[in-house]
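Listed here are the chains, written in short residue letters.
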Amino acid sequence: MRRKGFRIALGAALLVAIALVLLFVVFPSGSSSVDAAMLDRVSERADESSAKVLAQQDWGDGRLVVAGYDRRGERRLAIAFVQDALRGWRVRGYTEELVELHDVVVGSLVIATSEGGSSQPAWSVAVGELEDPRIQRIEVRWASGDTSTASRSGDAYLSAEEGETEATVIRYLAEDGTEIARVPIEAG
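Attention in this report is confined to the structure presented alongside it. Fair warning: this is a prediction, and the values are worked out from it, not measured in the lab.

1. Focus on the overall build of the protein chain
Okay, so step 1: Check the secondary structure of the protein chain and you find two helices and 11 strands.
Okay, so step 2: Helices (α) and strands (β) of the protein chain occur, in sequence order from the N terminus, as α-α-β-β-β-β-β-β-β-β-β-β-β.
Okay, so step 3: The contacts in the protein chain between residues at least 6 apart in sequence include a share of 49% that link residues at least 24 apart.
Okay, so step 4: Of the roughly 10700 Å² of accessible surface on the protein chain, a fraction of 50% belongs to carbon and sulfur atoms.

This is how it looks when you write it as structure tokens:
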């Protein structure tokens, strides 16, 4: 009888140990929100209090998120795919670029692509910060022949297109549709 009790206790302890390994190693805790996950990722590189989420968009089973931050006097834009995991939000894909606010006269511009993954379709994005307050909408023409639009989000924009394609032209538009700037993108 003692032997049976010992085996049951040992089995229960083993199950608890496996559950703890799964909980803390296989499924570690993420952040409490999309913004927190992105800021956790960039804050370690950013100058004090400069990191800020600028724009985001639902994508697949998660969100595409753009954050801006300063590092040693230089401005950087970060793009990430953030997903709600079992125990919180986690950054699943990430890239960043050094930018100038005047990259394209009216603001900055970063174009990025990703082949996607099991929970996110492949994507191409045009993102940036805006200097000209008249700009309210951005229109991106892609090499695939599609056009995507994005509204201004604070002082930033995020325009996404499904698939890996290249932007050919970006138009920066006023609220009434008046073109403020047109930026052709060279293939490369």
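2. Looking at the pattern of salt bridges
Close approach of charged atoms allows side chains of opposite charge to pair.
Okay, so step 1: One pass over the full model with this rule turns up 12 salt bridges.
Okay, so step 2: Salt-bridge contacts for Arg-63 lead to Asp-58; the nearest nitrogen and oxygen are separated by 2.0 Å.
Okay, so step 3: Among the residues examined, Asp-58 registers a relative accessible area of 55% and is labelled exposed.
Okay, so step 4: In the salt-bridge network here, residues are joined through shared partners; they are Glu-139, Arg-141, Arg-171, Glu-179 and Arg-182.

3. Some thoughts on the environment of Arg-45
Okay, so step 1: Looking at where Arg-45 falls in the secondary structure, it is placed in the loop between helix H2 (34–43) and strand E1 (52–59).
Okay, so step 2: Judged by its relative accessible area of 21%, Arg-45 is partly exposed.
Okay, so step 3: Here the alpha-carbon distance between Arg-45 and Tyr-69, two residues 24 residues apart in the chain, equals 8.6 Å.
Okay, so step 4: Apart from residues no more than four positions distant in its own chain, Arg-45 is found in contact with Tyr-69, Arg-71, Tyr-94 and Glu-96.
Okay, so step 5: In terms of polar contacts, Arg-45 uses its side chain to reach the side chain of Glu-44, at 3.2 Å.

4. Here's the deal with the sheet that holds strand E6 (residues 123–129)
Okay, so step 1: Read across the open sheet, the three strands follow the order E5-E6-E9; overall the sheet is antiparallel. With partners counted over all chains shown, the strands left at the sheet margins are strand E5 (110–114) and strand E9 (156–162), one partner each. Taken over all neighbouring pairs, the strand axes of this sheet differ in orientation by 15° on average, direction set aside.
Okay, so step 2: Where E5 meets E6, five bridges bridge the pair, whose relative direction is antiparallel. From the neighbouring strand, Ile-111 faces E6, where its bridge partner is Ala-126.

5. Thoughts on unusual backbone geometry
Okay, so step 1: Backbone geometry places Ser-49, a non-glycine residue, at a positive phi of 60°.
Okay, so step 2: Here Ser-49 lies in the loop between H2 and E1.

6. Some words on the environment of Ala-85
Okay, so step 1: Assignment of secondary structure puts Ala-85 in strand E3 (residues 74–85).
Okay, so step 2: Considering only alpha carbons, one finds Ala-85 and Gly-30, 55 residues apart in sequence, at a separation of 7.1 Å.
Okay, so step 3: Setting aside its immediate chain neighbours within four residues, Ala-85 contacts Arg-90 and Arg-92.

7. With respect to the sheet that holds strand E4 (residues 88–99)
Okay, so step 1: The strand order across the open sheet built from four strands is E1-E2-E3-E4, with neighbouring strands paired in antiparallel fashion. In the strand order of this sheet, the two ends are held by E1 and E4, each with one partner. Each neighbouring strand pair of the sheet contributes to a mean axis angle of 20°, computed without reference to strand direction.
Okay, so step 2: Together, E1, strand E2 (62–71), E3 and E4 form the strand contacts of H2, whose direction differs from that of E4 by roughly 50°.

Thresholds applied
Residues numbered from 1 in each chain as written. Predicted model: local features only at pLDDT ≥ 70, side-chain atom pairs only at ≥ 80, totals over all residues. Heavy atoms only, no water. Helix = DSSP H or I, 4+ residues; strand = E, 2+ residues; numbered from the N terminus. Contact = heavy atoms within 4.5 Å. Areas by Shrake-Rupley, 256 points an atom, 1.4 Å probe, with all protein chains shown as cover. Salt bridge = Lys/Arg side-chain N within 4 Å of Asp/Glu carboxyl O. Buried < 20%, exposed > 50% of the residue type's maximum accessible area, 1.4 Å probe, protein only. Polar contact = N/O pair within 3.5 Å; in protein donor to acceptor, adjacent residues only side chain to side chain. Pairing = 2+ DSSP bridges. Axes fitted to C-alpha atoms, helices over the stretch in contact; angles between N-to-C directions.

By themselves, these figures tell us nothing about what the structure is for.
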